Amino acid sequence: MDKMNRVIAHDAYTCTLTVEAGVRLHDLHAMLQQRGMALSSLGSISEQSIAGAIATATHGTGMEYGDLSSMITQLVIIDGTGQRRVCDKGNERDLFDAARCSLGALGIITQVTVQCEPSFTLHAVQSADNLDNILNNLNEVVYSAEHVRFWWFPHTDDAVVWRANRTTMEPKPSPETFLRDTLYGFHYYQLQLYKARFTPDDIPHLAREHFDRRFNRQIEWIDDSHKVFNFDCLFPQYVNEWAVPWESAAEALRQLRIWINAEARKPGGVRVHFPVEVRFVQETDVWLSPAFGQTVCYIGIIMYRPYGKSVPYKKYWRVYEDIMRTLGGRPHWAKAHQMFYYDFVRLYPKFGDFVEMRATCDPEGVFVNDYICRHVLPPNHPLTTAAVTDSTETGQKLTTETPKL
């Protein structure tokens, strides 16, 4: 869909832009900037297409800002019967609420209209803090700026809080330097993590070292909104991320810290990489958004793969998911997870309606794939059985194991 990247319509009065759904977010930023507009919130990267971003409810952070799916005001979808359907809040409302985060199960989205706002500059301030101070004052912290996220450094109580507000001040470049942030923070850190594959007891020291040398200070910068929202995610990594009701965020992080600290005291226990990233998203009416019906806190964990090499992560993932599950967590759809049909029926009030909508839009299973079989369709569904039969005949295997990222 990369060639489906044209602007279809621009409405300056309503501040909306209609584009073909294959446009990449980094190209969309340029299209919007040319017209004096910008996305109100954005995630960490902009390599995805707009259709791909909304298919999994990609999100940024901000207690009064929804995910990208919630910014769509109209879309065009070609369903499994070949029918072209235009939907919005006034026309085929149920399809609209299902398709804004559809996992690709309903059809091919070819066109979207995005609700934007006039282009703006962000003033970001990043400062060191203590995790307990943040958790004990979480309500105050999350409302201390329009956009707030924080990173906790496991094996320590150190954290970094990032706050960003709209501003009319003149641009001020990022204080990043080649020596500290590129040579040391990227290349040398990757080498350290590679060595730590053989000496994992070094990992807690790395967290303390990098916090002290790179993050234990306050920095600020001012730039175009998308440049401030986005940042470098470094090298290959395993990632897991769930959303819990934001009121449960502190409890989730405290439980995770208890387990990590207990493992650190064990010879041969699990040692985890920094950071744990924490973001906040306003509730939405998108059926399969993890923020459906509730403002949520996304908690993301990471294990880097230095030079593409594997590292142990499965025990960390299992304990993390157990904690999130017991607190009513919903997994990010773009991350590997161990949740299935009956789990989602319990977690999402509209999940049953979504499954029915899928059957209506794609009765022959044109868009059914391994992921849809594994996580969306009920057990023993005819399409699931057919998929298993087909995979057996072709020598492929449907599995419920967590795929390698």
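Residues numbered from 1 in each chain as written. Predicted model: local features only at pLDDT ≥ 70, side-chain atom pairs only at ≥ 80, totals over all residues. Heavy atoms only, no water.

Undergrad: Any chance you could explain the sheet that holds strand β4 (residues 72-79) here in plain terms?
TA: Sheet strands associate in pairs through backbone hydrogen bonding, adopting either a parallel or an antiparallel arrangement. Taken together, 5 strands build an open sheet; the order of strands is β1-β2-β6-β4-β5 and the sheet is antiparallel. Both outer strands of the open sheet, β1 (7-11) and β5 (84-88), are each paired with one neighbouring strand and no more. Along the sheet, successive strands turn relative to each other by an average axial angle of 15°, direction set aside. Sheet topology places β1 next to strand β2 (residues 16-20); 4 bridges connect them, and they run antiparallel. (Pairing = 2+ DSSP bridges. Helix = DSSP H or I, 4+ residues; strand = E, 2+ residues; numbered from the N terminus. Axes fitted to C-alpha atoms, helices over the stretch in contact; angles between N-to-C directions.)

Undergrad: What is the right way to read the pattern of salt bridges from this model?
TA: Two side chains with opposite charge may pair up if their charged atoms get near one another. Counting across every chain of the model gives 27 salt bridges. Here Arg149 makes a salt bridge to Glu277, at a shortest N to O gap of 3.2 Å. Of this pair, Arg149 sits in strand β9 (residues 147-152) while Glu277 sits in strand β13 (residues 276-281), and the two are 128 residues apart along the sequence. Note on accessibility: Arg149 and Glu277 belong to one class, buried. In this structure, Asp201 and Arg271 form a salt bridge, with 3.0 Å as the shortest nitrogen-oxygen distance. (Salt bridge = Lys/Arg side-chain N within 4 Å of Asp/Glu carboxyl O. Buried < 20%, exposed > 50% of the residue type's maximum accessible area, 1.4 Å probe, protein only.)

Undergrad: What am I meant to see in the pairing of strand β6 (residues 107-115) here?
TA: On a regular strand, one side chain projects to one face of the sheet and the next to the other, so that they alternate. Of all 9 residues making up β6, 7 are buried, and the element is well covered by its neighbours. Note that β4 and β6 share 7 bridges and pair antiparallel. When the sheet's bridge partners are listed, Ile77 is paired in β6 with Ile109.

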